[in-house]
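So you can see what is in the structure, the chains are spelled out below.
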Amino acid sequence: MSALGRVVRSGVGRRRVSTLVILLATMMAVAASVLGGSLLVASSAPFDDAFADQHGAHLSVEFDADRTTAARLEASADTAGVAAASGPFRTVSAASEFGPLLAVVGRAEPEGAVDDVTLTSGRWATGPGEIVMSADLGMRPVGEQLEFPDLPGAPALTIVGTARSVTGTADAWVAPSQVAALTPPGTAGGYQMLYRFTEADTAAQITEGRAAVTAGVPEGAVTGARSWLTAKKEAERDTALYVPFLVAFGLLGLAMSALIVGNVVSGTVSSGLRRIGVLKAVGFTPAQVVRAHVAQALVPSAVGAAFGLVVGHLLAVPLLSDTETAYRTSALAVEPWVDVAVVAGVLGVVAATAWASAWRGGRLRTVDAIAVGRTGPTGRGRRAVRLAGRLPLPRPVALGLARPFARPARTLGVGAAVVFGAAAVTFTLGLGSSVDEVIAAKEHSTADVVVEFTPPEHSAAGPAPAPAEGPPEEPQTGLPELPDPARVTAVLDAQPGTRAHYGIAATEASVSGVSGAVTVRAFRGDASFGDYQMISGRWIEGPGEAVVPPPFLAATGTQVGDTVTVNGRGGAARVRIVGEVFDTRDDGMALFVDARTLTTTEPDLRPDRHEVAVTAGTDVARYVDALNTELEPLGLTARPGGSEPGAGSDSSAALKALAALLTLTLVAVAALGVLNGVLLDTRERVRELGVHRALGMTPRQVVAMVVTSVVLTGLAGGALGVPLGVALHHEVIPAMGDSAGYHLPDSVITVYGAGELALLALGGVLIAVLGALLPAGWAARTRTATALRTE
Amino acid sequence: MPTPVIELQQVTRRYDDGPPALRDASLTVLPGEAVAILGPSGSGKSTLLNLVAGLDRPDTGTVTVDGVRVDDMGEAASARLRRAKIGMVFQFFNLLDDLTVTDNVLLPAQLAGTPRAEAHRHAAELLQALGIDRHAHTYPGRLSGGERQRVAIARALMNRPPLLLADEPTGALDTASGQDVSRLLADLNADGQTLVVVTHDVGLAESCTHRTVRLTDGRITADTASRDTASRDIASHGTASADIVSEQAR
């Protein structure tokens, strides 16, 4: 082995702590970068990527099986302009025990030329009695049964898997032979054809393609069609929320990785300057010295990078699974080029920083380089030591407090790690609070008691079951059973403990200038306690006024203060928009008005839901029981208020889980940065520590001194990191809202309290102390006799 | 007989698989004695010093300092013992370069929790007594070797320890400074300070101590009263025993 090789080998082997720290730092950096990079890649165009990966259908067309044949549909695959086709698949709309009709498709296998359906759990349905559910429905877990009570024999199918189609071509899939059993008597069911076109970038091209593939079928045979552009629009409206968040975290992860690795390597090489002097003294050229130290840093880095890839992939599995849920896509995986780029990038940073540090050492005069390890500090920080010495603090604490001033560059490195860590924690906590605020603002769940209309067939058997999905109140269809609101009001007013209440009725109306129906929510009573978050303007105060969500304003080109005409079944009403409210239901195409506004347009409109606030000290459970007794004759049921079951959607949960995982990773990286800084400092000061120990400093005092040495840095890092995190939050959260077409109310953005911010700033100290504990323990355990012999 | 300041009984210390650095050593040092531990490199001098200072533990045998067993003490207890009972002086001074002379000297008192005013007063007295009071606010890097060693001695004496251990205290000094430090140690002993000096410098041993313990390959091979004729080669016995010390004392 050459002299250089021996030097590298001995450097790696003898300097075990440095080697281990470089290995760990590289591992964490690679793991964090793999996560960050994967998130950035996944966020760039999640729908497009999933669509390409799964050969999504540009057009899915549903046919009436009574009016066409499978052979004729099969032939449509040969139409000019069709690049690929799958089908025909037998289809049926079947009502499950949960109520809504499920679009069930008979497919023998998930793969195909078009629309590769991706299994997210379990397996594909291969025979009778089995069903695969869409992962987006989340009805029941794999292994349980799903009943179809309205079908002859009430078949129950076992859920054997969940799957996801990028364009949502079905709610469930069964084996083709199963379709017949799910088809209601007297109906023929249908067929589904999935097409990819050679040109499908615009709606016109899709329309042209649709005309071509349906030209050969009889009129009326086409029962429905769905363009991939529609699916893309829907998907991107959801994913738009996540992109700014994931991009912010991805960039934070990459920046921290580069910082920590650079810091660790430069610190480690710098701490070996005396060794560089010795190497030069025995005849190594400066270039050889540089090569030796670069190699010395690269060996553990390469091992760390390998471990980091493994850890990164392991962490990416749940993370990308959450991202899949958030993006409603499938099969997100770490791209191989991300691995290559991350490893190359991190090793590049290692090589560059090692080269720069070793180059500096290589250029030192040999005698100076040798002296580096023996001479004491350069004199920096003495004033701090003197000042700290005057404080009424135990000497070890005072010495620790002054320590950061002795090595300002290292302190900056440690501080930067803390700043990033504190910023990440602040951002994540703020994000979690904002998500909670969004959920609360969406759900308006401040009522103590909710009174809802219960269909007669359920009222005898007890409380109505919770709806499987959807908002709490749906546009009513004029059910005659809805009680007279005056009677409900009388019951509520008479009930001891009632503080306030209001009723909500929902209907659909058209609004001039808007295509399609708009949901109108009419309030009867004082809804001021309803927690409707205003973005601008004010809440409705009487008839003729309306508040609307931002998408409504955008769609109608109106603003607060404008007047719009609402056309109902009974006529038209003009309403003035007095405020902008945060409400995401109905894609924001809704009007909130006083019920008296609709007296002429919807004379029969009655509330199907009442929200009640009780007086302080009222026992809600007893109140509900008593109220139910009074309400039963009216066909209404009361229940305690609060969030609806499943109010925090999968996406919200996924977002919070992502944030928690990423924050843990970033905090770990930050703590590692601190650990490295303190470790280098402790190694440098080992003789000094020995002196302290020889003079009678106890191990506990040593720990106190070392830990205290990062407290000021932690405080400063926290003090800088928290505003940085808040600033990031205030940039990212509104960007997330804007992407989804919403201006967010202040309550969603202003989520940090003064006390919380102070605690977060102290979190910087926590990160610093966590990072310093290990080297502090090492310092306390170092044998004094050994330390005193150390040059 | 007064309580010995140091008492080693049948002490052996072995590092890894090598031969014992110190084997079966017994040694007693009485209050007011000045003892030189003499021997070549690798003879076990530093091991013996570390064991006495509670910086290391023996494999077998017992070590007692001022009546307190140190061989079975925990780290914190031995640190407190050093604080209270042992002052240490090193070859390379081991001053803290970012502390002024006064702050270096104050350090043991501050660790021991001595009241601030009392500590400052005693530090000033020591600096004056050792002739370095004009350097009180100077950093050690600006002092000569001899001056640094005086600061180190002042620091070692700060908590009025019954035992002063000096490890090659003149090893890094020029001849004049070395003699200066040697005189200072002798003066301290003359004032009643118990002194153990580890050195390979026979001149230093003769100038500031009145008893020499020789170590060879980890064994105590001689225990000699250097200021009178009563010396006894104990190579054949392998240990220096308490009755020899008693005899010397007589």
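These remarks concern the structure in this document. (Residues numbered from 1 in each chain as written. Chains lettered and ligands numbered in written order. Predicted model: local features only at pLDDT ≥ 70, side-chain atom pairs only at ≥ 80, totals over all residues. Heavy atoms only, no water.)

1. Some thoughts on a nonpolar patch on the surface
Residues and elements named next belong to chain A. This is how it is decided: Distance thresholds for patches are 9 Å for like charges and 5 Å for nonpolar side chains (Val, Leu, Ile, Met, Phe, Trp, Tyr), applied to residues having over 30% relative accessible area and no salt bridge. All accessibility values rest on the Shrake-Rupley procedure with a 1.4 Å probe; residue burial counts only the protein chains present in the view. Salt bridges are identified by distance alone: a Lys or Arg side-chain nitrogen within 4 Å of an Asp or Glu carboxyl oxygen. A run of H or I in DSSP counts as a helix once it spans at least four residues, and a run of E counts as a strand once it spans at least two, with each numbered from the N terminus. Buried residues are those whose accessible area, probed at 1.4 Å on protein chains only, stays under 20% of the maximum for their type, while exposed residues exceed 50% and partly exposed ones sit between those limits.
A grouping of Phe405, Leu712, Leu715, Leu759 and Leu762 is seen on the molecular surface, where their side chains present a nonpolar patch of about 470 Å² in accessible area. Mapped onto the nonpolar patch, the elements with two or more residues apiece are α23 (711-739) and α25 (754-781). Take Leu715: its relative accessible area is 37%, and that puts it in the partly exposed class.

2. Description of the pairing of strand β4 (residues 60-65) of chain B
Residue and element names in this part refer to chain B. Note the threshold: Here, a strand pair is defined by DSSP locating no fewer than two bridges between the strands.
As judged from the five bridges shared by strand β1 (residues 6-13) and β4, these two strands associate in the antiparallel manner. Bridge pairing in β4 links Thr12 to Thr60. The pairing of β4 with strand β5 (residues 68-69) spans two bridges and is classified as antiparallel. Paired with Val65 across the two strands is Val68, which belongs to β5.

3. Considerations on the interface of chain A and chain B
Just so we agree on the cut-off: Contacts are residue-level and defined by heavy atoms, with any inter-residue pair within 4.5 Å sufficient. Put simply, buried area is how much 1.4 Å-probe accessible surface two parts lose in total, over both of them, once they are put together. Counting of polar contacts relies on pairs of N or O atoms within 3.5 Å, with two restrictions inside protein: one atom must be capable of donating a hydrogen and the other of accepting it, and residues adjacent in sequence are counted only when both atoms are side-chain atoms. Polarity classes work like this: nonpolar for Ala, Val, Leu, Ile, Met, Phe, Trp, Tyr, Cys and Pro, charged for Asp, Glu, Lys and Arg, and polar for all others, with Gly in that last group.
Contact with chain A, which involves 28 residues of that partner, is made by 27 residues of chain B. With both sides pooled, the region where chain A packs onto chain B buries about 2,500 Å², and carbon together with sulfur makes up 56% of that total. It is Arg382(A), Arg395(A) and Leu695(A) in chain A that bury the most area against chain B; as a group they hold 27% of the surface buried on that side. Taken together, chain A and chain B are joined by zero salt bridges. The interface formed by chain A and chain B contains seven residue pairs in polar contact (both at pLDDT 80 or more). Across the side of chain A that touches chain B, the residue classes tally to eleven nonpolar, seven polar and ten charged.

4. Thoughts on the packing of aromatic side chains
To describe a pair of aromatic rings, you give the distance between the ring centres and the angle between the ring planes. To keep things clear, this is the line we draw: Pairing of aromatic rings covers Phe, Tyr and Trp, the last through its six-membered ring, and needs centres within 6.5 Å; plane angles under 30 degrees mean stacked, over 60 mean edge-to-face, and all others mean tilted. Should the NZ of a Lys or the CZ of an Arg lie within 6 Å of a ring centre and within 35 degrees of the ring normal, that charge is described as sitting over the ring.
Applying the stated criterion across every chain yields a total of eleven aromatic pairs over all chains. Measuring from centroid to centroid gives 5.8 Å for Tyr502(A) and Phe523(A), while their planes differ by 40°, and the two rings are tilted. Of this pair, Tyr502(A) sits in strand β12 (residues 498-511) while Phe523(A) sits in strand β13 (residues 518-525), and the two are 21 residues apart along the sequence. For the pair formed by Tyr502(A) and Phe523(A), the shared burial category is buried. An angle of 20° between the planes, with centres 4.9 Å apart, marks the rings of Tyr532(A) and Trp539(A) as stacked. Trp539(A) carries the same exposure label as Tyr532(A), and that label is buried. Stacked on the ring of Tyr139(B), the Lys or Arg Arg382(A) has its end atom at 3.8 Å from the ring centre.

5. Thoughts on the nonpolar core
For clarity, the threshold we go by: Nonpolar core, defined: a set of buried Ala, Val, Leu, Ile, Met, Phe, Trp, Tyr and Cys residues in which side-chain atoms within 4.5 Å join the residues together. Note: domain ranges come from an automatic or database domain assignment.
By size, the foremost hydrophobic cluster in this structure holds 78 residues, and its most contacted members are Ile37(B), Met88(B), Leu163(B) and Leu165(B). A total of seven residues in this core trace back to one element, the largest contributor, which is helix α20 (residues 650-684) of chain A. Looking at this core, you find at least three residues from each of domain 1 (1-55 + 236-374) and domain 3 (376-444 + 648-791) of chain A. What Ile37(B) contacts, discounting residues up to four positions off in sequence, is Leu27(B), Lys45(B), Leu48(B), Val196(B), Val197(B), Val198(B), Thr199(B), Val213(B) and Leu215(B).

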